[in-house]
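Notes for the structure review
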Amino acid sequence: MADSPLPLYHKVYLLLKQRLQAGGFAPLAALPGENALAAEYGVSRLTIRRSLEALEADGLIERRQGRGTFASAQSAAHGTQHSSDMDSLMAHLARMGMQTQVRLLALDTLAAPPQVAAHLELAPGAPVQCAVRVRSHAGLPFSYLTTYVPQAIAQAITQADLMSKPLLAIFRDLGIQAARAEQTLSAVLADPEAAAALDVPVGSALLSLQRLVRDASGRPVEWLHALYRPDRYEYRMDMQAHDMPGQPTWLPAGAPASGETPA
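Treat the numbers as computed from the prediction; the structure is a model and nothing was measured.

Calculation criteria
Residues numbered from 1 in each chain as written. Predicted model: local features only at pLDDT ≥ 70, side-chain atom pairs only at ≥ 80, totals over all residues. Heavy atoms only, no water. Helix = DSSP H or I, 4+ residues; strand = E, 2+ residues; numbered from the N terminus. Salt bridge = Lys/Arg side-chain N within 4 Å of Asp/Glu carboxyl O. Buried < 20%, exposed > 50% of the residue type's maximum accessible area, 1.4 Å probe, protein only. pLDDT = per-residue confidence, 0-100. Contact = heavy atoms within 4.5 Å. Axes fitted to C-alpha atoms, helices over the stretch in contact; angles between N-to-C directions. Parallel < 35°, antiparallel > 145°, perpendicular 65-115°, else oblique. Left-handed = near helix turned anticlockwise from the far one by under 90°. Nonpolar A, V, L, I, M, F, W, Y, C, P; charged D, E, K, R; others polar. Pairing = 2+ DSSP bridges.

This part covers unusual backbone geometry. With a phi angle near 75°, Leu-28 is a residue other than glycine that sits in the positive phi range. Note that Leu-28 resides in the loop between helix 1 (8-21) and helix 2 (34-41). Look at Asp-199: it is not a glycine, yet its phi comes out positive at around 60°. In this fold, Asp-199 is placed in the loop between helix 9 (192-198) and strand 8 (205-215).

Structure below.
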């Protein structure tokens, strides 16, 4: 665990809360036992027990005598998303592809978890391709990327593609026009898997980006969750001032002023 003034049990509580709210455990699904969680997070069973007590007080889990611990029905949280400029995004990814190296950690077809199915507007359990990659610059890892693509599209995507090109470039080669993206930015704590991939201590602060990409017809074609080391990556956006009814506001440069909600 990264050095922090927070008590150890509270750091584990924050990591588990983040995992629950991100859909890491399906609603009503059983969590690993206390011994398994203690081994995963490198802490004592007593620390795990105190963390679970705090999660139970938040209503995020249910502890059932003799049966175990289960995610509550309301454990997964959904955030508000905002549009991004697709042309700027494509240009950014093109530059990133030329300047960085990618390592494919995992590639599999699986049943879409509930949260992923909801974002991709698929039936729960529908097949999706899940790819996990790490991007590095000058040999130093800076991003940990998990992408989900509907199997109807993913069946044409190869391992070699994912190791050499960003997904949006792959879509272009397949004749799929990525037309719109909705994304959120936030801060999260590094779980054990992301920490190992990014070479940071468990519990370190990371920049979290979640992005849903739609094609020209409005069909979701990709759900991305990217984690970045803030010491090696920064997210920039050009902004332009607009006079709006009632008050001036800032919008991404090139974005239309009409119909936008002031930030």
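Applying the stated criterion across every chain, the model contains 13 salt bridges. For the salt bridge of Asp-173 with Arg-172, the shortest nitrogen-to-oxygen distance reads 3.8 Å. Take Arg-172: its relative accessible area is 51%, and that puts it in the exposed class. Measuring nitrogen to oxygen at the nearest pair gives 3.0 Å for the salt bridge that ties Glu-182 to Arg-214. Here the residue Glu-182 occupies a position in strand 7 (residues 178-189), and Arg-214 occupies one in strand 8, the gap between them amounting to 32 residues. You can call Arg-214 buried: its relative accessible area is 11%.

In this model, the chain carries an average pLDDT of 83, and 80% of its residues clear a pLDDT of 70 or more. A low-confidence stretch, residues 78-84 stays under pLDDT 50, and its non-local contacts, those more than four residues away or across chains, total 15 contacts. Across residues 256-263, confidence stays below pLDDT 50; counting only partners more than four residues off in sequence or on other chains, it has 9 contacts.

Assignment of secondary structure puts Ala-154 in helix 6 (residues 151-154). On the accessibility criterion, Ala-154 (3% relative accessible area) is buried. Separated by 27 residues in the primary sequence, Ala-154 and Pro-127 place their C-alpha atoms 9.8 Å from one another. Look past the residues within four positions of Ala-154 in its chain and what remains in contact with it is Gln-129 and Val-149.

This next bit is on the packing of helix 1 against helix 3 (residues 45-57). Packed helices, taken two at a time, are described by the angle their axes make and the gap between the axes. Running from N to C, helix 1 and helix 3 point in directions that differ by 55°, and their axes come no closer than 8 Å. What the angle tells us is that helix 1 and helix 3 run oblique. In terms of crossing hand, the pair formed by helix 1 and helix 3 is right-handed. Taken together, the residues of helix 3 that come into contact with helix 1 (itself represented by Leu-8, Tyr-9, Val-12, Tyr-13, Leu-16, Lys-17 and Leu-20) are Thr-47, Ile-48, Arg-50, Ser-51, Leu-52, Ala-54 and Leu-55. Among the residues making up the contact of helix 1 with helix 3, the classes are represented as 10 nonpolar, 2 polar and 2 charged.

Direction vectors running N to C along helix 1 and helix 2 enclose 105°, while the axes themselves pass 12 Å from each other. On the basis of their axis angle, the class for helix 1 and helix 2 is roughly perpendicular. Seen from helix 1, the contacting residues are Leu-15, Leu-16 and Arg-19; seen from helix 2, they are Leu-37, Glu-40 and Tyr-41.

As for its position among the elements, Thr-47 is in helix 3. Relative accessible area serves as the criterion here: at 13%, Thr-47 is assigned to the buried category. Those residues in contact with Thr-47, other than ones at most four positions away along the chain, are Leu-8, Tyr-9 and Val-12.

For strand 1 (residues 61-64) and strand 2 (residues 68-71), the ladder comprises 4 bridges, and the chain directions are antiparallel. Each residue of the ladder has a partner; that of Arg-64, found in strand 2, is Gly-68.

Let us look at the pairing of strand 9 (residues 220-228). For strand 9, the tally of buried residues reaches 8 of 9 residues, placing the bulk of the element in the interior. Across 6 bridges, the pairing between strand 6 (residues 140-150) and strand 9 is antiparallel. The partner of Thr-147 across the bridge, within strand 9, is Leu-224. The pairing of strand 8 with strand 9 spans 8 bridges and is antiparallel. Residue Ser-208 lies in a different strand from strand 9, and its bridge partner there is Leu-227. With antiparallel pairing between neighbouring strands as the criterion, strand 8 and strand 9 make up a hairpin whose turn holds 4 residues, including Gly-218 at a positive phi of roughly 90°.

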